[in-house]
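Commentary on secondary and tertiary structure
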Amino acid sequence: MIVRKQIFGGLGIYFALRLFSYFFSPGTPLYSANPVNWIISAGILLTTVYFLLKKDQRGWLIIAAEMILGGAGNFLEVYGVSLRTLLLVFSITIFFSQSVKNKTYNLFLGNKIALYIFIAFYAIIGSSAIRGFFDSHNLKLIFADTVPYLFFLYYFPLKQLAASESFVKISSNLLFSAIIGNFIFTYFTLAGFSSGIFVLQDSYYHWFRDVASGKITDYGTGFFRIILNEQLLLVPLFLLMLHNIIARRQQNAADTAISKNNWIASPKLIMTGTLLVILATNLTRIYFVALAIGIIFLFSKTNWKRWLAYSAGAFIFFILAFSLTHLAATKGKSFGWEYLGLRLQSIAAPQTEESSLSRMLLLPKILEKIKLHPLLGNGLGDTVTVYSPIFKQNITTPHFDWGYLEIFAEMGIVGLVVWILFVGYLILKTKQKRGLLASFLALLIINMTSPALFHVMGIAWVVYLLSHYDS
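In short, a report on the structure. Keep in mind that what you see is a predicted model, and the values were worked out from it rather than measured.

Two numbers describe how helix α11 (residues 234-247) lies on helix α14 (residues 285-297): the axes approach to 10 Å, and their chain directions differ by 20°. When the axes of α11 and α14 are compared, the pair comes out roughly parallel. The handedness of the crossing between α11 and α14 comes out as right-handed. Judged by residue contacts, Val235, Phe238, Leu239 and Leu242 of α11 engage Tyr287, Ala290, Leu291, Gly294 and Ile295 from α14. Classifying every residue of the contact of α11 with α14 by side-chain character gives eight nonpolar, one polar and no charged.

So, about helix α4 (residues 83-102). Under the 1.5 Å per step criterion, the end-to-end length of α4 is 28 Å for 20 residues, consistent within 8% with the ideal 28 Å. Turning to α4, its buried residues number three or more, namely Leu83, Arg84, Thr85, Leu86, Leu87, Leu88, Ser91, Ile92, Ile94, Phe95, Gln98 and Ser99. Two residues or fewer past α4, Lys103 is found with a positive phi of approximately 55°.

Another point: the pattern of salt bridges. Taken as a whole, this structure holds six salt bridges when the rule is applied. The salt bridge partner of Glu66 is Arg84, with a shortest N-O separation of 2.8 Å. Of this pair, Glu66 sits in helix α3 (residues 58-70) while Arg84 sits in helix α4; the two residues are 18 residues apart in sequence, bridging distant segments of the chain. Classification of Arg84 as buried rests on a relative accessible area of 8%.

The rules behind each value
Residues numbered from 1 in each chain as written. Predicted model: local features only at pLDDT ≥ 70, side-chain atom pairs only at ≥ 80, totals over all residues. Heavy atoms only, no water. Axes fitted to C-alpha atoms, helices over the stretch in contact; angles between N-to-C directions. Helix = DSSP H or I, 4+ residues; strand = E, 2+ residues; numbered from the N terminus. Parallel < 35°, antiparallel > 145°, perpendicular 65-115°, else oblique. Left-handed = near helix turned anticlockwise from the far one by under 90°. Contact = heavy atoms within 4.5 Å. Nonpolar A, V, L, I, M, F, W, Y, C, P; charged D, E, K, R; others polar. Expected span 1.5 Å × (residues − 1). Buried < 20%, exposed > 50% of the residue type's maximum accessible area, 1.4 Å probe, protein only. Salt bridge = Lys/Arg side-chain N within 4 Å of Asp/Glu carboxyl O.

What follows is the structure, encoded as structure tokens:
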């Protein structure tokens, strides 16, 4: 159920959060944190703790809103610690304490397989973090690698919250707000740089990179590639919504007509279209691979006509969105097809594109690290040094650009086996639901060249999938 007040309220929070963090920034490599940011963040944290102690669902709604509307940005913090991490620590501590006090152990023992997998996860994560510490890895990198795994703990409260109709409805509306907000934010940024209002290395650029966790690439034609880390879920969300549209029973024109009484007859159509438009500025290669395989996976004999119609429609809509975006950004000089062709070509021929070539150069270095400690890995916070054709020098980076190989290098074959068992378990749990399974498979594909599975947003999506089938 879509509620307009919740949609507009979510959009208001989405942009207020970003405007606030721009003028009252958290700590970044260039600037110290503004104390006002700490005060507001502490206020939100205390309010959430109060509601959670009172067992008021509004506490969990604040956490959901921060995750959904905050995306992957680091907009709020308290003395250098992100509000998201603080909300996780306090909420899980309160939840587990209340569960023990009320002796609701069945919540944890109700799914013993998931519980055992989590125990195995934290055993290997703990040992990998200790190994990284004793190998003198950077403590900040160890912390950054460890914290995302703690978000698996939200599985237990989410099992309860999934049964709450009001929580599910509000969260769904917030997701709608986040998708629309991301579209506006992305194209606002593109328009600003394309028109020259913003320039690379200005204050907005640094805020976008260091606080909003984005990336801006100048193509030299007036078009700028805009990426935000929360767009990691762009394709999984699109596939889930596309499946729901395809599987929906045929309705007559009166049922699908958008009117005052039924103004959002096709909200998923709006969101899928919006996601495709965002993809037109993102242009991440592995997203296209995941999208293509995911759409093929959605094929079924019962709905093949609808599958063909909506898949073809999505393809045509994307090409139109991509072309019009480039046409506007380049002031009518180019449809941008040459760049789309280059990025797709670089999948098969990585030497044709710099970032693809960098990833290929990383590969032998990562394999060397795996050979050093194949069983238990090199520990969390590991880095790799390689020559960069972009910067024309050797660089040391914690970003391996190979998701599964990063798991192997840091946690060894033991950690990789735990991940494989978990992935296999989730596939078995979701195999009867083609839409959610397709979205999960897309995430698995994206993890080939990105840290999708062990990114906060990826883990949040996996937790949602798991709790959805255990609720």
